[in-house]
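Residue-level structure breakdown
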Amino acid sequence: MPHISHKGLELPQSAIRKLVPFADATKAHGIHVYHLNIGQPDIETPKAALKALAQTKIDVLAYSPSAGIQSYREKLCQYYKKNGIDITPERILVTTGGSEALQMAFTCCLNPGDEIIIPEPYYTNYNTFAKLCDAKIVTVPSDIKSGFALPLVDDFEKYITPYTRAIMICNPNNPTGYLYSEKDLYAVGALCKKYDLYLFADEVYREFCYDGEKHFSVLNLPGCENNVVLFDSVSKRYSACGARVGCVITRNSELFSTMMRLAQARLSPPSFGQIFAEAAIDTPQEYFDNVMKEYVSRRNVIVEGINNIPGCFCPNPKGAFYTVCELPIDDSDRFCQWLLTDFQYNGATVMLAPATGFYSDPEKGRHQVRITYCLCKEDLRAAIKCLEEALKVYPGRLKAKAKAGRKAVAKKAAPAKKAEVKKAAPAKKAEAKKAAPAKKAEAKKAAPAKKAEAKKAAPANKAEVKKAAPAKKAVAKKAVAKKKA
């Protein structure tokens, strides 16, 4: 039998989809599975875009241009302009989903042995595409205690070697939901310029920013025109994962020309998907406003629900629709499989993604899972209830109840409490000062009564002492005689 290639054997399993066979078997037994493992929104796809696709009359379904349909690329420029990004159609290469965009850029930018620095946990498929190029992912750790904030630039710099070719970020982040600030990105951009590195940026979740936070695109970093390579997709933006249309954007003309060779070799991106995506750009803002409100309320259900389960900690994500949570479990791979094979609650169970696949060292994700909040709130509450009941009976539940994340939250709150105490001090001091004369007057008023009481008690005390004196004298005399003897 012919052998599988070494490269093929080295490709990692998907942390998101590897448990699908177990989920399918569970469903076959009539058990409902709440899918919190995959970013497949249940939000309605814009009807106008679907209608435009349905009404398209095509006599011959021909190849589209290798770079994508010209009218769609021009319409994309309008979309980016609306989001504060100036770009021309000649800098946009339409791809079969965001995945092909990643694969094209990695193939054209990386040599065997090259390294990409990525904050972890990170989207598991980045590793797959890096391995296809014989490149290596080098991770900079972020911490659940900070909600997985972007590591400091000094931390990135420690990992730069002669083999480093790029820094990769996903903003807002999949799998953590963390939203990087403009300041964060300026720092990373400066580092890429300093060491002449590519800055790969996955901005698929650009629209999904919460609590008044705004997204900043790396395409707006000054002086990084030849460094920045941006990946985008319509999948999440329009709840159209099946359209399979994305794009890669760069102002680096040499890189763009190189990627076009790959684009021509694979002929063309999907025609129907591009027709849909072009129409979707006209989706009214009201659609996105409603979607954002829905996702914020779903996020709140997940964060509150999980943090109310004993032993669990869930940070509060500011973007995308994912979060990585810490659970009191011995092994997230074992637990996630056990949920599908050995557990049900009221005829249902929940499917999660083990966080082991989102780290370079699986041990770092051994007690963590990635959760998506792509289901309606009613289903999310039911899924959380399933999780809560499962943790009560899971054989590998950890007994330790330490909650590092909550401790960090308390630590974070300490300065505010200190400031509050400091702020209250003058008022308390003034209150004490105000009360002092009254207390002094009260003490002065009570003094004669206390003096009279003491005077009255004095003769009785004197008599008692006088009465006790002969007895004490006799005891002392007896003790001296005994000693003498």
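Notes on the structure follow. Everything quoted here is computed from the prediction, not taken from an experiment.

Counted as a void, the largest pocket has a volume near 670 Å³. Every residue lining the largest pocket is counted, 27 residues in all, and those nearest its centre are Asn83, Arg206, Glu207, Lys214 and Gln285. At the level of elements, α4 (70-82) and α11 (285-307) are the ones that each hand at least two residues to the lining of the largest pocket. With five residues, α11 is the largest single contributor of residues to the lining of the largest pocket. In terms of residue class, the lining of the largest pocket is built from ten nonpolar, eight polar and nine charged.

Time to look at the packing of aromatic side chains. Taken as a whole, this structure holds 20 aromatic pairs when the rule is applied. Plain terms: the ring middles of tyrosine 205 and phenylalanine 321 are 5.5 Å apart, the flat faces sit at 90° to each other, and that makes the pair edge-to-face. In this pair, tyrosine 205 is assigned in the loop between β6 (198-202) and β7 (228-233) and phenylalanine 321 in the loop between α11 and β9 (322-326), connecting sequence segments 116 residues apart. Here tyrosine 205 and phenylalanine 321 have matching classes, each one buried. Summarising the aromatic geometry, the rings of tryptophan 338 and phenylalanine 343 are spaced 5.4 Å apart at their centres and angled 25° between planes, so their arrangement reads as stacked. For tryptophan 338, a relative accessible area of 12% gives the class buried.

Packing of helix α5 (residues 97-109) against helix α9 (residues 253-265) leaves a shortest axis separation of 9 Å and a crossing angle of 120°. In terms of orientation, α5 and α9 fall into the oblique class. Every pair of crossing elements has a handedness; the one defined by α5 and α9 is right-handed. Facing Met104, Ala105, Thr107, Cys108 and Cys109 of α5, the residues of α9 in contact are Leu255, Thr258, Met259, Leu262 and Ala263. Of the residues in the contact of α5 with α9, the class split is eight nonpolar, two polar and no charged.

Structurally, phenylalanine 335 can be placed in helix α12 (residues 332-341). Since its relative accessible area comes to 0%, phenylalanine 335 is described here as buried. It is 9.4 Å that separates the C-alpha atoms of phenylalanine 335 and alanine 390, two residues lying 55 residues apart in sequence. With residues near it in sequence (within four places) discarded, phenylalanine 335 still touches Leu327, Ile329, Leu352, Leu387, Leu391 and Tyr394.

Between the first and last C-alpha of α4 there are 19 Å, a value that for 13 residues agrees with the 18 Å anticipated at 1.5 Å per step. Within α4, the full set of buried residues consists of Tyr72, Arg73, Lys75, Leu76, Cys77, Tyr79 and Tyr80. Tucked inside the fold, the buried residues of α4 contact β2 (92-95), β7, β8 (246-249) and α10 (271-280). After α4 finishes, the residue glycine 84 shows a positive phi value of roughly 80°.

Take the pattern of salt bridges next. If you walk through the whole model with that rule in mind, you get 26 salt bridges. The salt bridge involving lysine 194 is made with glutamate 157; its shortest N-O contact spans 2.7 Å. Taken together, the positions of lysine 194 in helix α8 (residues 182-195) and glutamate 157 in helix α7 (residues 153-158) put the pair 37 residues apart, joining distant regions of the chain. Assessed through its relative accessible area of 56%, lysine 194 is described here as exposed. Among the residues examined, glutamate 157 registers a relative accessible area of 22% and is labelled partly exposed. When the shortest N-O distance is used, the salt bridge between arginine 206 and glutamate 203 registers 3.0 Å. A residue is classified by how much of its surface remains accessible, and arginine 206, at 5% relative accessible area, is buried. Through salt bridges with shared partners, a single network forms among Lys18, Asp331, Asp333, Glu363 and Arg366.

Among the nonpolar cores identified, the biggest contains 96 residues, and Tyr80, Phe335 and Leu352 are the most heavily contacted of them. Among the elements that line this core, the one with the most residues is α11, at nine residues. Once residues within four sequence positions are removed from consideration, tyrosine 80 is found in contact with Ile85, Ile87, Ile92, Arg206, Leu230, Asp232, Cys247 and Ile249.

This next bit is on the sheet that holds strand β5 (residues 164-170). If you walk across this open sheet you meet the seven strands as β2-β8-β7-β6-β5-β3-β4, and the pairing is mixed. Every other strand in the sheet has two partners, leaving β2 and β4 (136-141) as the edge strands with one partner each. Across the sheet, the mean angle from the axis of one strand to that of its neighbour is 25°, orientation sign disregarded. Sheet topology places β6 next to β7; four bridges connect them, and they run parallel. Looking at the pairing, alanine 201 lines up with leucine 230 of β7. Most of the contacts of α5 go to β7, to which it runs at about 160°, and overall it touches β2, β3 (115-120), β5, β6, β7 and β8.

Here is what the cut-offs are and how they apply
- Residues numbered from 1 in each chain as written.
- Predicted model: local features only at pLDDT ≥ 70, side-chain atom pairs only at ≥ 80, totals over all residues.
- Heavy atoms only, no water.
- 1 Å grid on protein atoms, 1.4 Å probe; cavity = no way out; pocket = protein on both sides within 12 Å on 5 of 7 lines; lining within 4 Å.
- Points joined across faces, edges and corners; volume = space filled by probe spheres on them.
- Helix = DSSP H or I, 4+ residues; strand = E, 2+ residues; numbered from the N terminus.
- Nonpolar A, V, L, I, M, F, W, Y, C, P; charged D, E, K, R; others polar.
- Phe/Tyr/Trp six-rings, centres within 6.5 Å; stacked < 30°, edge-to-face > 60°.
- Buried < 20%, exposed > 50% of the residue type's maximum accessible area, 1.4 Å probe, protein only.
- Axes fitted to C-alpha atoms, helices over the stretch in contact; angles between N-to-C directions.
- Parallel < 35°, antiparallel > 145°, perpendicular 65-115°, else oblique.
- Left-handed = near helix turned anticlockwise from the far one by under 90°.
- Contact = heavy atoms within 4.5 Å.
- Expected span 1.5 Å × (residues − 1).
- Salt bridge = Lys/Arg side-chain N within 4 Å of Asp/Glu carboxyl O.
- Core = buried A, V, L, I, M, F, W, Y, C linked by side-chain atoms within 4.5 Å.
- Pairing = 2+ DSSP bridges.

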